[in-house]
Amino acid sequence: MKMSQAPVGVFDSGVGGISVLRELVKLMPNENYIYYGDSKNAPYGPKSLEEVRTLTLSHIDFLVERGAKAIVVACNTATSAAIVLLREKYPNMPVIGIEPALKPAVLHKENARVLVMATPMTIREEKFHHLMENYESRATIYPLSCPGLPEFVEAGNLDGEDLRAYLKKLFEPYFGKVDAVVLGCTHYPFVRPVIQQMFGNGVAIFDGGAGTARELRRRMRECGILNPSEEQGNIEILNSKETPEEIILCEKLLHL
Ligand code: DGL
């Protein structure tokens, strides 16, 4: 098989990265993809740095062994924990991470008040602190750790009463006080309609999926490994839970 026809490996702690895969397929439908979600070990957000590093490195090794020509770490948490190590380990292939889409949120309006939702680890890690330092002179930024939210999505609960009650409690201090919300975890875009409804249409919502897809295309073009085929590519979805239900949930999320 030619290198350009090899799949792009996409990884997340669970089903959340499907929100990124969706953007990748939209931008590059002719590429082949292999998606690996570690739902058995999700959520990663509350785990220790060491644990997330170990899990992420071993799952990326698996994708590389399966012949991936490029890697997308479609998880903000795994990116903050392991992207530097991954790039050291695989210096000859594009390794793209994802980070909260703070830049477009800050730039969308003068003196914006921006709520950044993410996992406890993403908020705590140095990578996010650097990102915040770049923009805090131009906006008011409220980091909001959301432990428990990925679990709703992992259970396929995208609109339940319990989810709404959870979000209402989390958002209570910010209603009427923010102009933008950043979905800094790849599970959150699946509950975007509920979040939009709660804040109202006056609040802009941002996520990093489309930007990550553009960055992957740029890097693959640079390396000369874009697939020249004009046909629809193949998408293989794998999950550490290995149950048919899990794959059905992923397929459903991919086509939402
Ligand atoms: N999807 C992951 C992210 O983007 C986090 C979910 C988890 O805690 O496992 O940060």
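Above this text is the structure in question.
Residues numbered from 1 in each chain as written. Predicted model: local features only at pLDDT ≥ 70, side-chain atom pairs only at ≥ 80, totals over all residues. Heavy atoms only, no water.

A. The site of the ligand, seen in detail. Looking at the ligand, there are 13 residues lining it, with S13, Y44, T77, T186 and H187 nearest. Calculation on the ligand without its partners gives an accessible area of 300 Å², and the protein chains cover 99% of this total. Class assignment of the residues belonging to the shell around the ligand gives a composition of five nonpolar, seven polar and one charged. (Near = heavy atom within 4 Å. Areas by Shrake-Rupley, 256 points an atom, 1.4 Å probe, with all protein chains shown as cover. Nonpolar A, V, L, I, M, F, W, Y, C, P; charged D, E, K, R; others polar.)

B. Focus on the layout of surface pockets. In this structure, the largest pocket encloses a volume near 480 Å³. Taken together, 25 residues make up the lining of the largest pocket; nearest its centre are G97, E99, G208, G211 and T212. At the level of elements, helix 3 (76–89), strand 4 (95–96), helix 4 (102–107), helix 6 (126–135), strand 8 (204–207) and helix 10 (209–223) are the ones that each hand at least two residues to the lining of the largest pocket. Considering each element in turn, the lining of the largest pocket owes the most residues, six residues, to helix 10. (1 Å grid on protein atoms, 1.4 Å probe; cavity = no way out; pocket = protein on both sides within 12 Å on 5 of 7 lines; lining within 4 Å. Points joined across faces, edges and corners; volume = space filled by probe spheres on them. Helix = DSSP H or I, 4+ residues; strand = E, 2+ residues; numbered from the N terminus.)

C. Expanded view of the environment of L238. Secondary-structure assignment places L238 in strand 9 (residues 235–239). Sequence-wise, L238 and V181 are 57 residues apart; in three dimensions their C-alpha atoms are separated by 31 Å. Residues within four places of L238 in sequence aside, it is in contact with I34, Y35, Y36, G37, F62, R66 and I247. (Contact = heavy atoms within 4.5 Å.)

D. Geometry of the packing of helix 1 (residues 18–27) against helix 10. Taken N-terminus to C-terminus, the directions of helix 1 and helix 10 make an angle of 50 degrees; their axes are 8 Å apart at the nearest point. The orientation of helix 1 relative to helix 10 falls into the category oblique. For the pair helix 1 and helix 10, the crossing hand works out as right-handed. Mapping the contact onto sequence places V20, E23, L24 and L27 in helix 1 and G209, A210, T212, A213, R214, L216 and R217 in helix 10. When the residues that make up the contact of helix 1 with helix 10 are grouped by side-chain class, the tally is six nonpolar, two polar and three charged. (Axes fitted to C-alpha atoms, helices over the stretch in contact; angles between N-to-C directions. Parallel < 35°, antiparallel > 145°, perpendicular 65-115°, else oblique. Left-handed = near helix turned anticlockwise from the far one by under 90°.)

E. Seen up close, unusual backbone geometry. For the bond from A42 to P43, the omega torsion is 0 degrees, close enough to zero to count as cis. Following the sequence through the fold, P43 ends up in the loop between strand 2 (33–37) and helix 2 (49–65). Within the chain, N111 stands out as a residue other than glycine whose phi angle is a positive 50 degrees. Along the polypeptide, N111 turns up in the loop between helix 4 and strand 5 (113–118). Of the residues examined, N111 reaches a relative accessible area of 59% and is grouped as exposed. (Buried < 20%, exposed > 50% of the residue type's maximum accessible area, 1.4 Å probe, protein only.)

F. Structural view of the pairing of strand 3 (residues 70–73). Residue alternation in strand 3 divides its side chains into two sets, A70 and V72 and I71 and V73, and both sets are buried. Two strands pair when backbone bridges link them, and strand 1 (residues 8–12) and strand 3 are joined in this way by four bridges, in the parallel orientation. Counterpart to G9 in the pairing with strand 3 is I71. Direction of pairing for strand 3 relative to strand 4: parallel, over a ladder of two bridges. Pairing of V72 across the sheet is with I96, part of strand 4. (Pairing = 2+ DSSP bridges.)

G. Region of interest: the packing of helix 2 against helix 3. As a packed pair, helix 2 and helix 3 sit with axes 9 Å apart at the nearest point and diverge in direction by 55 degrees. When the axes of helix 2 and helix 3 are compared, the pair comes out oblique. Remark: the crossing between helix 2 and helix 3 carries right-handed chirality. In this structure, helix 2 uses L49, V52, R53, T56, L57, I60 and D61 to contact helix 3, whose residues at the interface are T77, A78, A81, A82, L85, L86 and K89. Partitioned by chemical class, the residues of the contact of helix 2 with helix 3 number nine nonpolar, two polar and three charged.

H. Looking closely at helix 1. With seven of its 10 residues buried, helix 1 lies for the most part within the structure. Listing the buried residues of helix 1 in full gives I18, S19, V20, L21, E23, L24 and V25.

I. Structural detail: the pattern of salt bridges. In the structure shown here, the tally under the stated rule is 14 salt bridges. Here R219 makes a salt bridge to E222, at a shortest N to O gap of 3.4 Å. On the criterion of helical spacing, the pair formed by R219 and E222 is a turn pair, its members being three residues apart in helix 10. Residue classification places R219 among the partly exposed positions, given a relative accessible area of 22%. Its relative accessible area of 55% is what places E222 among the exposed residues. Three or more residues joined by partner-sharing salt bridges are found here, namely E215, R218, R219 and E222. (Salt bridge = Lys/Arg side-chain N within 4 Å of Asp/Glu carboxyl O.)

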